Every structure is written in C-alpha cells, then in structure tokens.
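If you want the building blocks of each chain, they are given just below.
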Amino acid sequence: MALAGLLVFVAGLCLGPVQETALFFRLAAGEQFLRSGHLVHRNLFSFTFPDAPYLDSAWLFDAGAAVVFRLGGFPAVVLGKTMLVLALAVFAYRLCRRRGVSPVVAALALALAFLCMRERLVERPHVFSLLGEVAVLALLPLVESGNRRAWLLLPLVALWATLHAGAFLATILLALAGAGVLLDRGGPRAALRFAL
C-alpha cells in the first residue's frame, strides 16, 4: 500500500506538458543519428558556429528519445520518462526496504525526495543518472562481500555513460563506500579488499 501511494504521488509529479526546451535539440540529434547511423560530431544545430566540435555524451538517450517520439510524439516521451521515474521509485523503495526501513518510512522519505527534485524530473538524460546512482548503491553489498556479480557494475556504468555524463558518479560513490569501509572496519586491509 505504501509503495502504491508513492507511485501515484511520483506519477503526479511527472505527468504534465513538456517544458524542457533542450528536448528539441536532443530529438534532433537522435533523429540525425537514426537517419545516418553516425554520432553527431559537429554542432549542427547552431547557426553561429555549426562546425564547432561536439561530443554528445548522451547519444543513446537522444536516439531512444527520437524512437519514442516517432512512436507517439510528446505524449509518448512524457509517458516514457514517467515510466523510467516510476521504475526508479520502485528500485529505490526496494533498496530502502532491503536495508531494513519500514514501508511507510521508506515511502514517505522517497516521496519527500521526489518532491524536492520535482523540477529535475524532466525529459532529459540526467534522469538516467538518478537510476544509475540507485543501481550502484544497490550493488554495493555485492562489492563489499566480494561477490562475483559485483562485476555487473562495469557494463552498467558503460551503459550509463552512453545515456548521461553523470556516470562519473559511480566512481565517487564507490570511493565513498571504500572510505566508509576503511572507517567502519578500521583498517587498510578491509579497504584494499573492497577496492579489489
């Protein structure tokens, strides 16, 4: 029941008209990629400096958004974003529950978090960074225990890097977790094991 309430609340924050103007550039870059099969390497959409080098670190987001737009226009893009944010909410809720937080407290804390970031719940690639951050946090216990499935972080972060440049946060989260291991367990041996 708490999770259902959280999802209704988050959907209410996400469902609305597109207000993100950068989406138009993203859709154009995605269309260019889908038509040509090549990444955009020049600033094609600038009338003042169209030959400037351009590195699109979110090229997979652009291509995916263009495909979704082809399927249903702006309503499909908003629904796609909403489904992604709802998946993020479910993932974060389950992570909280796995860490021992009660259902009501987890739902309320996450509702407050989503309320605080409501202006960031837009049709932009950084939404994938929010999902990536929660995925890294979910995999930290595997890293700490030395479980082989911790290697899932490598393809996860590689995929994340094609969706948004915020993938560098995975390194920061892992470094902070390593520092926590060093402080909690009081020795460099535990931190070295964590790093390996």
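To start, this report covers the structure provided alongside it. Just so it is clear, the model here is predicted, and its values are computed rather than measured. (Residues numbered from 1 in each chain as written. Predicted model: local features only at pLDDT ≥ 70, side-chain atom pairs only at ≥ 80, totals over all residues. Heavy atoms only, no water.)

Examining the overall build of the chain
Heads up, the rule is: Segments assigned H or I by DSSP are reported as helices when at least four residues long, segments assigned E as strands when at least two residues long, and all are numbered from the N terminus. We call a residue buried when its accessible area falls under 20% of the maximum for its residue type, exposed when it is over 50%, and partly exposed in between, using a 1.4 Å probe and counting protein chains only. Per-residue accessibility takes into account occlusion by the displayed protein chains alone, with areas from the Shrake-Rupley method and a 1.4 Å probe.
When helices and strands are tallied, the chain shows eight helices and zero strands. Dimensions along the principal axes, computed over C-alpha positions, put the chain at roughly 60 × 40 × 25 Å. Per-residue burial for the chain yields a buried fraction of 37% across its 196 residues. Accessible surface, the chain as shown: approximately 11500 Å² in total, 69% of it carbon and sulfur.

Here's the deal with the nonpolar core
The condition is simple: The set of buried Ala, Val, Leu, Ile, Met, Phe, Trp, Tyr and Cys residues whose side-chain atoms join them within 4.5 Å is what this entry labels a nonpolar core.
The biggest cluster of nonpolar side chains holds 22 residues, and the ones touching the most others in it are Leu6, Val10, Val85, Tyr93, Leu110, Phe114 and Leu121. If you list the elements that add at least two residues to this core, you get helix H1 (2-14), helix H3 (59-98), helix H4 (103-116) and helix H5 (126-145). Judged by nonpolar contacts, the second largest core, of nine residues, contains Leu139, Leu142, Ala150 and Ala170.

A closer look at the packing of H5 against helix H6 (residues 153-163)
For the record, the criterion: Axis definition: a line fitted to C-alpha atoms, over the contacting stretch in the case of helices. Angles run 0 to 180 degrees between N-to-C directions. Roughly parallel means an angle under 35 degrees; roughly antiparallel means over 145; roughly perpendicular covers 65 to 115; every other angle is labelled oblique. Two residues form a contact once any of their heavy atoms are found within 4.5 Å. As a working rule, the residues Ala, Val, Leu, Ile, Met, Phe, Trp, Tyr, Cys and Pro are called nonpolar, Asp, Glu, Lys and Arg charged, and the rest polar, with Gly in that last group.
Running from N to C, H5 and H6 point in directions that differ by 170°, and their axes come no closer than 11 Å. On the basis of their axis angle, the class for H5 and H6 is roughly antiparallel. Each of Phe128, Ser129, Gly132, Glu133, Ala135, Val136, Leu139 and Val143 in H5 lies in contact with H6, whose residues at this interface are Leu153, Leu156, Trp160 and Leu163. Residue classes in the contact of H5 with H6 are distributed as nine nonpolar, two polar and one charged.

A few points about the pattern of salt bridges
This is how the line gets drawn: Criterion for a salt bridge: a side-chain nitrogen of Lys or Arg within 4 Å of a carboxyl oxygen of Asp or Glu.
Following the criterion strictly, the structure yields six salt bridges and no others. Between aspartate 56 and arginine 26 there is a salt bridge; the shortest N-O distance is 3.0 Å. With aspartate 56 in the loop between helix H2 (22-36) and H3 and arginine 26 in helix H2, this pair connects stretches of sequence that are 30 residues apart. There is no split in this pair, since aspartate 56 and arginine 26 are both buried. The closest approach of N and O atoms between glutamate 31 and arginine 35, which form a salt bridge, is 3.9 Å. Of this pair, glutamate 31 and arginine 35 are both found in helix H2, four residues apart, which corresponds to roughly one turn of the helix. Among the residues examined, glutamate 31 registers a relative accessible area of 17% and is labelled buried.

Regarding the side chain of threonine 82
Worth spelling out the cut-off: In protein, a polar contact requires one atom able to donate a hydrogen and another able to accept it; more generally it is a pair of N or O atoms within 3.5 Å, and residues adjacent in sequence count only if both atoms are side-chain atoms.
You can see threonine 82 is positioned in helix H3. A distance of 2.8 Å separates a polar side-chain atom of threonine 82 from the backbone oxygen of valine 78. Look past the residues within four positions of threonine 82 in its chain and what remains in contact with it is Ala11, Cys14 and Leu15.

Notes on H3
Helical geometry note: an α-helix holds 3.6 residues per turn, so side chains three or four residues apart project in the same direction. Filter applied, for reference: To estimate the expected span of a helix, count its residues, drop one, and scale the result by 1.5 Å. What is called the bend at a residue is the angle between a pair of axes, fitted to the seven residues leading up to and ending at it and to the seven starting from it.
Between its terminal C-alpha atoms H3 stretches only 34 Å, short of the 58 Å expected from 40 residues at 1.5 Å a residue. Of all the bends found along H3, the most pronounced is centred on glycine 72 and spans about 125°, while proline 75, a proline, follows it within four residues. Two residues or fewer past H3, glycine 100 is found with a positive phi of approximately 95°.

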